[in-house]
Amino acid sequence: MMIDQAFAILTGLGGGIAVGSGLVAFITVLGIIPRLAQLTFTASWVTRYESAVILGALSGAWMSLGSPVISLPVVSAIPVGLSAGMFIGLLAAALTEVLNVFPILAKRVGASDRIKWLLFAIVLGKISGSLFHWLYFQFMR
């Protein structure tokens, strides 16, 4: 019984270290956080951004170990949701900026002169998909 628990602990720890190291390597090698700080003109806050990513990953990992229940008013979901959405959007924008996804995509599909419209279509698709997802799960459950 105790050997099974020790094996489960070691397996979980090893998997967590592997996934966490991969995420940190991915973010570090691509230079997403410094690029995000550069795009938002907040280069002096790079260490705060890095600390926020580390604390967010650690708190998410800690919370995933149990079933936490946080009792907050419904109104508090608005700023939390907006903050999470802005973070994911800015992270995705920095990632596409670093990888030069849009110029390569526009060149491949032959729409180099319409790259602004391509970006606008992607943004509208993301917004409408997010709104549909939220409205569906909020009101149709």
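Structure: above.
Please read these numbers as outputs of a predicted model, since none were measured by experiment. (Residues numbered from 1 in each chain as written. Predicted model: local features only at pLDDT ≥ 70, side-chain atom pairs only at ≥ 80, totals over all residues. Heavy atoms only, no water.)

A. Just the overall build of the protein chain, in detail. Scanning the protein chain from N- to C-terminus turns up six helices and zero strands. Each helix and strand of the protein chain, placed in order from N terminus to C terminus, yields the pattern α-α-α-α-α-α. Compactness check: the protein chain gives a C-alpha radius of gyration of 20 Å against a globular reference of 14 Å for 141 residues, more than 25% above the reference. A buried classification covers 8% of the 141 residues belonging to the protein chain. The contacts of the protein chain with a sequence gap of at least 6 include a subset with a gap of at least 24, amounting to 44%. On the protein chain, roughly 11600 Å² of surface is accessible, and the fraction owed to carbon and sulfur atoms is 75%. (Helix = DSSP H or I, 4+ residues; strand = E, 2+ residues; numbered from the N terminus. Rg over C-alpha atoms; globule rule 2.2 N^0.38 Å. Buried < 20%, exposed > 50% of the residue type's maximum accessible area, 1.4 Å probe, protein only. Contact = heavy atoms within 4.5 Å. Areas by Shrake-Rupley, 256 points an atom, 1.4 Å probe, with all protein chains shown as cover.)

B. Focus on the packing of helix 5 (residues 101-108) against helix 6 (residues 115-139). Running from N to C, helix 5 and helix 6 cross one another at 115 degrees; their axes reach a closest spacing of 10 Å. With respect to helix 6, the element helix 5 is oriented roughly perpendicular. In the crossing of helix 5 with helix 6, the sense of the turn from one axis to the other is right-handed. Listed contacts from helix 6 to Phe-102, Pro-103, Leu-105 and Ala-106 of helix 5 are Ile-115, Leu-118, Leu-119 and Ile-122. Here the residues of the contact of helix 5 with helix 6 are counted per class, giving eight nonpolar, no polar and no charged. (Axes fitted to C-alpha atoms, helices over the stretch in contact; angles between N-to-C directions. Parallel < 35°, antiparallel > 145°, perpendicular 65-115°, else oblique. Left-handed = near helix turned anticlockwise from the far one by under 90°. Nonpolar A, V, L, I, M, F, W, Y, C, P; charged D, E, K, R; others polar.)

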